[in-house]
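Survey of secondary and tertiary structure
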Amino acid sequence: MKLDFNKTSLKITAGLSSQFPKDQRPQIAMSGRSNVGKSSLINSLIGRKNLARVSSSPGKTITINFYDVNSSLYLVDLPGYGFAKRNPADKAKWSALTNDYFVKGGEKLAAVIQLIDLKVGPTADDEMMLDFLAQSEIPFFVVATKCDKLNKTDRAKMITSLENHPLLDGIKIIPFSSLSGEGKTAVTSEILSILS
């Protein structure tokens, strides 16, 4: 499959499962805690500065956004999790929306890109998500964001720690920086390899 990521537009912003796309094109979903860099990764992949809005206040994205890539694929931006300042009712609503996505969009879901902040490492929420993906047998790979924020020694240590994490045994890990563009080609290649 050939994909032109430059031909990407925001197709659907869904606050309800009834708004999910009905067509059968494959979907690659992006999951991660609030402020991990999902919007920055999307903008980097598609070569645009702000199609996916980078929020200054974490936890702002309360919808599932479907980006149409080349009329061939949806990049799906799931709501960020683990944001402490959200009230319990909002947390329950957004968690239900994400759950609906995995239940109702399942057959179109080709894989999940699980984002983990390399400086922070996997949080308890990240581990819950990784466990869910493994238990549900959903293919996924990890993008370790903000890798430019660590020096060489700390970066190597954090990557080794991810590689040795029991929930990441045999899982591909791609260090990524939206500032330098490091990892962009590797992420694109991994998406293409999953789709083919």
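Because the structure is a prediction, the values reported are computed rather than measured. (Residues numbered from 1 in each chain as written. Predicted model: local features only at pLDDT ≥ 70, side-chain atom pairs only at ≥ 80, totals over all residues. Heavy atoms only, no water.)

For the rest of this paragraph, the subject is the overall build of the protein. Along the protein, the regular secondary structure elements total five helices and seven strands. Along the protein, from the amino end to the carboxyl end, the secondary structure elements read β-β-α-β-β-α-β-α-β-α-β-α. For the protein, the proportion of its 196 residues judged to be buried stands at 46%. By sequence separation, contacts in the protein at least 24 residues apart represent 75% of the contacts at least 6 residues apart. (Helix = DSSP H or I, 4+ residues; strand = E, 2+ residues; numbered from the N terminus. Buried < 20%, exposed > 50% of the residue type's maximum accessible area, 1.4 Å probe, protein only. Contact = heavy atoms within 4.5 Å.)

Along its twelve residues, helix α5 (residues 184-195) runs 17 Å from first to last C-alpha, staying within 8% of the 16 Å computed at 1.5 Å per residue. All of the buried residues along α5 are V187, T188, E190, I191 and L195. Looking down the long axis of α5, one finds its buried residues gathered within 160 degrees of arc, a one-sided arrangement. As for α5, its buried residues are in contact with β2 (27-31), α1 (38-46), β4 (73-77), β5 (109-117), β6 (140-145) and β7 (173-175). (Expected span 1.5 Å × (residues − 1). Arc of directions from axis to C-beta.)

Turning our eyes to something else, we now look at the pattern of salt bridges. Enumeration over the complete set of coordinates arrives at five salt bridges. The closest approach of N and O atoms between E182 and R155, which form a salt bridge, is 2.6 Å. Here E182 is found in the loop between β7 and α5, whereas its partner R155 is found in helix α4 (residues 152-163), with 27 residues between them in sequence. Residue classification places R155 among the partly exposed residues on the basis of a relative accessible area of 22%. Via salt bridges that share partners, D23, R25 and D68 belong to a single interconnected network. (Salt bridge = Lys/Arg side-chain N within 4 Å of Asp/Glu carboxyl O.)

With respect to topology, seven strands assemble into an open sheet ordered β1-β3-β4-β2-β5-β6-β7, the strand pairing being mixed. Where the open sheet ends on each side, the last strands, each with one partner, are β1 (8-14) and β7. Neighbouring strand axes in the sheet, compared pairwise and without regard to direction, differ in orientation by 25 degrees on average. Here β2 pairs with β4 via four bridges, running parallel. Bridge pairing links Q27 to Y74 in β4. (Pairing = 2+ DSSP bridges. Axes fitted to C-alpha atoms, helices over the stretch in contact; angles between N-to-C directions.)

Within the largest apolar cluster, 30 residues are counted, with the highest numbers of intra-cluster contacts made by I64, F66, V76, Y101, F102 and V112. Those elements giving two or more residues to this core turn out to be β1, β3 (64-69), β4, α2 (88-104), β5, α3 (124-135), β6 and α4. In terms of nonpolar packing, the next biggest core, distinct from the first, is built from 24 residues, I28, I174, F176 and V187 among them. (Core = buried A, V, L, I, M, F, W, Y, C linked by side-chain atoms within 4.5 Å.)

Another aspect to go through is the environment of D131. Tracing the sequence through the fold places D131 in helix α3. It is 10.0 Å that separates the C-alpha atoms of D131 and P166, two residues lying 35 residues apart in sequence.

If a strand is regular, its side chains alternate between the two faces of the sheet. Counted residue by residue, β2 has five buried out of five residues, so it is predominantly covered. Bridge analysis of β2 against β5 gives five bridges, and the strand direction is parallel. Bridging across to β5, A29 finds its partner in V112.

Here we take up the environment of I116. Here I116 shows up in strand β5. When the C-alpha atoms of I116 and I173 are compared, they prove to be 9.7 Å apart, with 57 residues separating the residues in sequence.

Any two aromatic rings considered together are summarised by their centre-to-centre distance and by the angle between their planes. In this structure the tally under the stated criterion is six aromatic pairs. A centroid spacing of 5.9 Å and a plane angle of 75 degrees characterise the contact between F20 and Y101, whose relative ring orientation is edge-to-face. Residue F20 is located in the loop between β1 and β2, and its partner Y101 is located in helix α2; the two are separated by 81 residues in the primary sequence. The residues F20 and Y101 share a single accessibility class, namely buried. Centroid distance F66 to Y74: 6.0 Å. Interplanar angle 85 degrees. Geometry classified as edge-to-face. (Phe/Tyr/Trp six-rings, centres within 6.5 Å; stacked < 30°, edge-to-face > 60°.)

Positive phi is not limited to glycine here, since N35 has a value of about 75 degrees. Topologically, N35 is positioned in the loop between β2 and α1. Positive phi is not limited to glycine here, since K146 has a value of about 60 degrees. Looking at the secondary structure, you find K146 in the loop between β6 and α4.

Just geometry here; none of it tells us what the structure is for.
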